[in-house]
Protein chains: 2
Amino acid sequence: MDNQIEKLDDHYIVCGYGRIGRILTQYLIQKYINVVVIEKDTAQAVQLDGDGVLYLIGEAVDENMLIRAGIRQASGIVAGLETDDENIQLVQLARQLNPDFFIVARASRDAFKKPLEDAGAHKVISPYDIGARRMAHAILRPTVIKFLETAFNDESTEFQFEEIRVRQGAKLANVSLMDSGIRQEMNLIVIAIQDKNGDMMFNPKADTQFVVGDTIVVMGSAKSIKQLEILMQG
Amino acid sequence: MDNQIEKLDDHYIVCGYGRIGRILTQYLIQKYINVVVIEKDTAQAVQLDGDGVLYLIGEAVDENMLIRAGIRQASGIVAGLETDDENIQLVQLARQLNPDFFIVARASRDAFKKPLEDAGAHKVISPYDIGARRMAHAILRPTVIKFLETAFNDESTEFQFEEIRVRQGAKLANVSLMDSGIRQEMNLIVIAIQDKNGDMMFNPKADTQFVVGDTIVVMGSAKSIKQLEILMQG
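Owing to the predicted nature of the structure, the values given are computational and were not obtained by experimental measurement.

K.L.:
I tried to follow the interface of chain B and chain A on my own but got confused; where do I start?
P.N.:
Interface extent is often summarised as the accessible area lost during association of the parts. Taken together, the contact pairs 64 residues of chain B with 64 residues of chain A. A buried area of about 6500 Å², summed over both sides, lies between chain B and chain A, and 69% of it is on carbon and sulfur atoms. At the junction of chain B and chain A, the tally comes to 4 salt bridges. A salt bridge links K123 of chain B to E149 of chain A; the shortest N-O distance between them is 2.5 Å. Applying the counting criterion to the chain B and chain A interface returns 20 residue pairs in polar contact (both at pLDDT 80 or more). Of the residues belonging to the side of chain B that touches chain A, the class tally is 38 nonpolar, 10 polar and 16 charged.

Now the structure itself:
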């Protein structure tokens, strides 16, 4: 398996193949993202083989193991180990070995968000807190939640939520929202534009121009989104 | 405490005051929703007192207990007990005691979604699955996730996600989206309209009229949303 892993680049390393790690891995694979799992429990090998996932059995908080998993060529890592302490150590080590790639970490609760971010995680997720908030929203804003679940369901092609990067040489670079035909012809809603510094403009005005490096947050049919992706490619 | 509970109506009963139950209860109370907690662990009473929450100590899957918690006058119930079996039993019993109110249930995994829905739950939430999906989206669609987190943060008044019901006698009832000034004057985006049968129309056209009983999914500043809420009141 090491041979196959060596050939990878732009892959994700998922540390911990518990319930969350497994669901997450399946999502990523569905989206054509290569994944290498590091799991310490030998008993999980059967499941991993059955799922057709590349993996290494051993401790993730280990420089050699992370290098074997191709950390220097990877796009990112998911720290989904059992304890917050292990995840903090893993994030620190991963950040040293690859200063630029994307780090997602799981926290047992929101209180561990800050230490994980300080260690170098870009995004920290606490399933219990998210679950609690989702239950509250299901009560407070049931239609919004129903709407979002539809928009995030890959099978509902009528309406989706997506982000599109404006690439160098894109047909719509330096064109205004108004002149782009996005709203009128493609029937898409541009909800926000994030510039390359990470600043987000909500509900952009009609005369806003698309700039190379912007990321556009857009809603509409899968078909129109595909069309727009082509117009934003270089 | 029974005296105080007796006076309530339109409240929510939260069964189980573990980590999720507690966060959820705090969210609901922040939004001025009355909550009665049923928790079997006597040791949690100190925490509940400290949190200033109305509660009953005992088993939730018990007709008398649910009646003491005011199930017949409640707006809904949250089944957040430890096991899926307990939650299924609770949902069944709650449905018998109040056929109309809103039932939210927690599932340990997506596989229990169907049995809980069959038992009568309107909304089933599995924190692990939601957490895994959120981690995947943080990788696949980081800007969309950042956008949504901002829109759902009550402190970010610049841009929020809300739903508004069109009430009998509302100023904007039978007025079209185009003529309403929602887009041009209030700078709000109407993303979807759900009719009273629960059918959802995405990205409604400019000539779509608002009908009494519709629920409008809208995005924009907190101030504009407040304005629109007034125009949709009876």
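K.L.:
I'm lost on the relation of the copies chain B and chain A in this one. Help?
P.N.:
Taken together, a rotation about one axis and a shift along it account for how the two chain copies relate. You can overlay chain B on chain A at an RMSD of 0.0 Å; the transform is a turn of 180 degrees with a shift of 0.0 Å along its axis. What the rotation and shift describe, once combined, is the action of a two-fold rotation axis. Taking C-alpha positions as the reference, the residue of chain B nearest the rotation axis is P127 of chain B, at 2.7 Å. Both copies present the same face, since 100% of the interface residues in chain B are matched by interface residues at the equivalent positions in chain A.

K.L.:
When you look at the packing of helix α7 (residues 127-140) of chain A against helix α7 (residues 127-140) of chain B in this model, what are you seeing that I'm missing?
P.N.:
The packing of two helices is summarised by the inter-axis angle and the distance between the axes. Relative orientation of the contacting elements α7 of chain A and α7 of chain B amounts to 105 degrees, with a least axis distance of 8 Å. By the angle between their axes, α7 of chain A is roughly perpendicular relative to α7 of chain B. Between α7 of chain A and α7 of chain B, the contacting residues are P127, Y128, I130, G131 and R134 of chain A on the first element and P127, Y128, I130, G131 and R134 of chain B on the second. Here the residues of the contact of α7 of chain A with α7 of chain B are counted per class, giving 6 nonpolar, 2 polar and 2 charged.

K.L.:
Hey, could you run me through the side chain of N203 of chain A in this one?
P.N.:
Tracing the backbone through its elements, the reader meets N203 of chain A in the loop between β9 (200-202) and β10 (215-220). For N203 of chain A, a relative accessible area of 6% translates into the label buried. Here R183 of chain B takes part through its side chain, which lies 3.3 Å from a polar atom of the side chain of N203 of chain A. Residues within four places of N203 of chain A in sequence aside, it is in contact with I191 and A192 of chain A together with F159, R183, N187, L188 and I189 of chain B.

K.L.:
Whenever I open this one, the domain arrangement of chain A confuses me. Can you help?
P.N.:
The domain architecture assigned to chain A consists of domain 1 (2-130) and domain 2 (160-232). Just the C-alpha atoms count here: the centres of domain 1 of chain A and domain 2 of chain A sit 32 Å apart.

K.L.:
For this particular structure, what's the right way to read the nonpolar core?
P.N.:
Nonpolar side chains tend to gather and get buried jointly when the protein is soluble and globular. In terms of nonpolar packing, the biggest core is built from 46 residues, with L28 of chain A together with L28 of chain B touching the most fellow members. Here L28 of chain A is in contact with Y12, V14, I33 and V35 of chain A together with A136, I139 and L140 of chain B, once residues within four sequence places are set aside.

K.L.:
Help me out: how do you make sense of the sheet that holds strand β6 (residues 123-125) of chain A in this one?
P.N.:
Residue and element names in this part refer to chain A. Strand order in this open sheet of 6 strands is β3-β2-β1-β4-β5-β6, and the pairing throughout is parallel. Looking at strand neighbours, the two that pair on one side only are β3 (54-57) and β6, the edges of this open sheet. Strand-to-strand twist of the sheet, defined as the mean angle between neighbouring strand axes without regard to direction, takes the value 15 degrees. In this structure, strand β4 (residues 76-79) lies alongside strand β5 (residues 102-106), joined through 4 bridges in parallel fashion. Paired with V78 across the bridge in β5 is V104. Sheet contacts for helix α5 (residues 84-97): β1 (12-15), β4 and β5; angle to β5, the most-contacted strand, approximately 175 degrees.

K.L.:
I keep staring at the packing of aromatic side chains and nothing clicks. Help me out?
P.N.:
Aromatic ring pairs are described here by two measures, namely the spacing of the ring centres and the angle between the planes. Going through the model one piece at a time under the given rule, you end up with 11 aromatic pairs over all chains. With 5.9 Å between their ring centres and 45 degrees between their planes, F147 of chain A and F202 of chain B make a pair best called tilted. With one member in each of two chains, F147 of chain A in helix α8 (residues 142-151) and F202 of chain B in strand β9 (residues 200-202) form a pair that bridges those chains. As far as the burial class goes, F147 of chain A and F202 of chain B line up, both buried. Centroid distance F152 of chain A to F161 of chain A: 5.5 Å. Interplanar angle 15 degrees. Geometry classified as stacked. Note on F161 of chain A: relative accessible area 0%, which makes it buried. Three or more aromatic residues link up through ring pairs in this structure, and these residues are F147 and F159 of chain A together with F152, F161 and F202 of chain B. Above the plane of the ring of Y128 of chain B lies R19 of chain A, whose end atom (NZ or CZ) is 4.5 Å from the centre.

K.L.:
Any chance you could explain the packing of α7 of chain A against α8 of chain A here in plain terms?
P.N.:
Residues and elements named next belong to chain A. One way to put it is that α7 packs onto α8 with a least axis distance of 5 Å and a crossing angle of 120 degrees. As the angle between them shows, α7 and α8 are arranged oblique. Of the residues in α8, those touching α7 at R134, H137, A138, I139 and L140 are P142, I145 and E149. Per-class residue counts for the contact of α7 with α8 are 5 nonpolar, 1 polar and 2 charged.

About the cut-offs
- Position numbers for residues count from 1 along each chain, tracking the sequence in the order it is written.
- To label them, take the chains in the order written and letter them from A, then take the ligands in the order written and number them from 1.
- Only residues with pLDDT of at least 70 get local features here, since the model is predicted, and only at 80 or more are side-chain atom pairs given and counted; chain-wide, interface and lining totals rely on the full set of residues.
- Values shown for side chains rest on all heavy atoms present in the structure; no hydrogens or waters enter the calculation.
- Here a residue-residue contact requires only that any non-hydrogen atoms of the pair lie within 4.5 Å.
- By convention, the term buried area covers the 1.4 Å-probe accessible surface removed from two parts as they join, with the contributions of both added.
- Salt bridge criterion: a side-chain nitrogen from Lys or Arg within 4 Å of a carboxyl oxygen from Asp or Glu.
- Polar contact is the term for a pair of N or O atoms within 3.5 Å; when the atoms are in protein, one must be able to donate a hydrogen and the other to accept it, and sequence-neighboring residues count only if both atoms are side-chain atoms.
- Three classes are used, and their members are as follows: Ala, Val, Leu, Ile, Met, Phe, Trp, Tyr, Cys and Pro are nonpolar, Asp, Glu, Lys and Arg are charged, and the others, Gly among them, are polar.
- Only residues with pLDDT of at least 70 in both copies contribute their C-alpha atoms to the least-squares superposition of the copies.
- Here an angle of 0 to 180 degrees is reported between the N-to-C directions of two axes, which are lines fitted to C-alpha atoms, with helices fitted over the stretch in contact.
- Each helix is a run of DSSP H or I of at least 4 residues and each strand a run of E of at least 2, with the numbering of both proceeding from the N terminus.
- Roughly parallel covers angles under 35 degrees, roughly antiparallel covers those over 145, roughly perpendicular covers 65 to 115, and oblique covers all other angles.
- Residue burial is assigned from relative accessible area. The probe radius is 1.4 Å, only protein chains are included, and a residue is buried under 20% of its type maximum, exposed over 50%, and partly exposed in between.
- Domain segmentation is taken from an automatic or database assignment of domains.
- Take the buried Ala, Val, Leu, Ile, Met, Phe, Trp, Tyr and Cys residues and link them wherever side-chain atoms come within 4.5 Å; each set so joined is a nonpolar core.
- Only when DSSP finds a minimum of two bridges between them are two strands counted as paired.
- When the centres of two rings from Phe, Tyr and Trp lie within 6.5 Å, Trp using its six-membered ring, the rings pair. Their planes under 30 degrees apart give stacked, over 60 give edge-to-face, and anything left gives tilted.
- In this scheme, Lys NZ or Arg CZ marks a charge over a ring once it lies within 6 Å of the ring centre and within 35 degrees of the ring normal.

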